[in-house]
Amino acid sequence: MGKRIVHILILLISCMFAFQSCTEQQQDRVVPHVGNSAYYWRTTWQLSDAERSFVTNHAIKRIYLRLFDVVQKYEASDVEKQGRLLPMPEATLHFNEPYDLACEVVPVVYIMDDCFAADSLLAQKIVRRVAQFCETNDLKWNEVQFDCDWRESTRGAFFRFLETAKAELAKMGNYRTSATIRLHQFAQPAPPVDYGMLMCYNTGYLYDSPNINCILQTSEVKKFAGRLKNYELPLSVGYPVFSWKRLFRNGKFVALLQGVDLNDTVSFQKCEGNVYRVERSLSVSSPDQSTFGLRLFAGDTVKYDYVPADTIMAVKSILENQRRGIHNQVVIYSLNENDITKYTRHEIETIYTTCK
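Residues numbered from 1 in each chain as written. Predicted model: local features only at pLDDT ≥ 70, side-chain atom pairs only at ≥ 80, totals over all residues. Heavy atoms only, no water.

> Quick rundown of the nonpolar core? Include the residues and the values.
Grouped together as the largest cluster of nonpolar side chains are 91 residues, with contacts concentrated most on Ile63, Leu65, Ile126, Phe161 and Leu319. No other element matches helix H3 (residues 122-136), which puts eight residues into this core. Dropping the residues within four chain positions of it, Ile126 is found in contact with Phe68, Val70, Val109, Ile111, Phe146 and Phe161. Membership of the second largest hydrophobic core comes to 14 residues, among which are Ala255, Leu257, Leu262 and Leu282. (Core = buried A, V, L, I, M, F, W, Y, C linked by side-chain atoms within 4.5 Å. Buried < 20%, exposed > 50% of the residue type's maximum accessible area, 1.4 Å probe, protein only. Helix = DSSP H or I, 4+ residues; strand = E, 2+ residues; numbered from the N terminus. Contact = heavy atoms within 4.5 Å.)

As structure tokens, this is what we get:
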């Protein structure tokens, strides 16, 4: 009888240590508590009164600030000369006013995944450009985030880029690195960075049916959520508070629309599921600045995609059940008056609330 009690005690102690080890392992895979954060993803830095109030009212602690994109461009100014395609910065952020928020800044660089093989010194060039940009604009920083939609075929090149960038940053001091993680990238090894930013949006494609909200679908998140438990990288989560309008013609996606008032009942007739029918032909501005505009024709349809707060909360619950503490930092995309004013203050507070 005494031996049986001893065996039971040993088993209980082993379970306690196993539980403690599992808990510590889970804690190692979440980002230490940061608080509320937001992306800023425009080409000019200038906050409206509503955006400044948002930062104050919701105690924003960290701004992920997109500095520039890196894309392939022809080296020669005249494309017809067929100069070499090289990675070059584009859409660099311009400050219309000084950065005066009491928020930590994390510089973000978006990189097209076809850039890595074209320039072996790309990591050094980007890191130095980030450092120079922050010094010029008096930005205090200790981290760089790299945003890239890498695939299996470009994973090796991107990971080597990250290792080189870390080495370059180490020459300057004690800097962290982070990377965005898209849901489809969960099927691959984790990138060599300090933590990942799970982009919980763009779960579909622009050309998806108007019946589908391609910004965020709970069903799509569920397909990947099970991989959270064993993903060997600390994670934070970014949630969408943006919307967009997709133009369809004969059932096929044409373009995203800008500056279109769907409340104009002369031009648009609301149908079911946030789908609008174009009632008369009209011209609107185009996202492509190289064109003269975009023509809408009677019979076209426009799908308004928007993510309600309760959908975000449902996704938060799914993720938190898979990895406790993943919401130590919640980030919204993005700090833009056109986006944030679609939600009530209570809804934003609910999105930011850390799951217990």
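> Outline the confidence of the model for the protein chain, listing residues and values.
Per-residue pLDDT for the protein chain averages 90, and the proportion of residues at 70 or more is 88%. Low pLDDT, under 50, characterises residues 8-27; the stretch is placed with four contacts to residues that sit more than four places away or in other chains. (pLDDT = per-residue confidence, 0-100.)

> Give me the lowdown on the side chain of Gln145, citing residues and values where you can.
Checked against the element boundaries, Gln145 lands in strand E7 (residues 143-147). For Gln145, the side chain forms a polar contact with the side chain of Tyr39, separated by 2.6 Å. Among the polar contacts listed, one links the side chain of Gln145 to the side chain of Ser178, at a separation of 3.1 Å. Not counting residues up to four positions away in its chain, the partners in contact with Gln145 are Tyr39, Tyr64, Val106, Pro107, Val108, Val109, Ser178, Ala179, Thr180, Tyr195 and Met197. (Polar contact = N/O pair within 3.5 Å; in protein donor to acceptor, adjacent residues only side chain to side chain.)

> An account of the pattern of salt bridges is requested, with residue identities and associated values reported.
The full count for this structure, using the stated rule, is 20 salt bridges. Between Arg345 and Glu349 there is a salt bridge whose closest N-O contact spans 3.2 Å. With Arg345 and Glu349 both in helix H8 (residues 345-352) and four residues apart, the pair spans about one turn of that helix. For Arg345, a relative accessible area of 47% corresponds to the partly exposed category. Linked by salt bridges that have partners in common, Arg62, Glu104, Glu143 and Arg176 make up one network. (Salt bridge = Lys/Arg side-chain N within 4 Å of Asp/Glu carboxyl O.)

> How would you summarise the packing of aromatic side chains if you had to cite specific residues and measurements?
Think of a pair of aromatic rings as described by two things: how far the centres are apart, and how the planes are tilted against each other in angle. What the rule picks out here adds up to 25 aromatic pairs. One aromatic cluster is present, built from ring pairs that chain together Tyr39, Trp41, Tyr64, Tyr201, Phe242, Trp244 and Tyr333. Over the face of the ring belonging to Phe68 we find Arg129, whose NZ or CZ atom lies 4.5 Å from the ring centre. (Phe/Tyr/Trp six-rings, centres within 6.5 Å; stacked < 30°, edge-to-face > 60°. Lys NZ or Arg CZ within 6 Å of the ring centre and 35° of its normal.)

> An account of the pairing of strand E18 (residues 329-333) is needed here, citing residue identities and associated values.
Of all the five residues making up E18, five are buried; the element is thus mostly covered by neighbouring parts of the structure. Residue alternation in E18 divides its side chains into two sets, Gln329, Val331 and Tyr333 and Val330 and Ile332, and both sets are buried. Note: strand E1 (residues 35-40) against E18, four bridges, orientation parallel. Looking at E18, one finds that Gly35 is bridged to Gln329. Both strand E10 (residues 235-240) and E18 contribute to a ladder of four bridges, which runs parallel. Note that in E18 the partner of Val237 across the bridge is Val330. (Pairing = 2+ DSSP bridges.)

> How would you sum up the environment of Tyr239? Please name residues and give values.
Topologically, Tyr239 is positioned in strand E10. Residue classification places Tyr239 among the buried residues on the basis of a relative accessible area of 0%. A sequence separation of 41 residues divides Tyr239 from Leu198, and the C-alpha atoms of the two residues are 8.8 Å apart. Discounting residues that sit within four places of it in the chain, Tyr239 has contacts with Cys200, Tyr201, Ile312, Val315, Lys316, Leu319, His327, Val330, Val331, Ile332 and Tyr333. At a separation of 2.6 Å, a polar atom in the side chain of Tyr239 contacts the side chain of His327.

> Give a description of helix H5 (residues 218-225) that names residues and reports values.
For H5, the full list of buried residues reads Glu220, Val221, Phe224 and Ala225. Down the axis of H5, the buried side of the element spans an arc of 135 degrees, and every buried residue falls inside it. Seen from the open side of H5, the exposed residues pointing more than 90 degrees away from its buried face are Lys222 and Lys223. Where H5 is buried, its residues meet helix H6 (309-322). (Arc of directions from axis to C-beta.)

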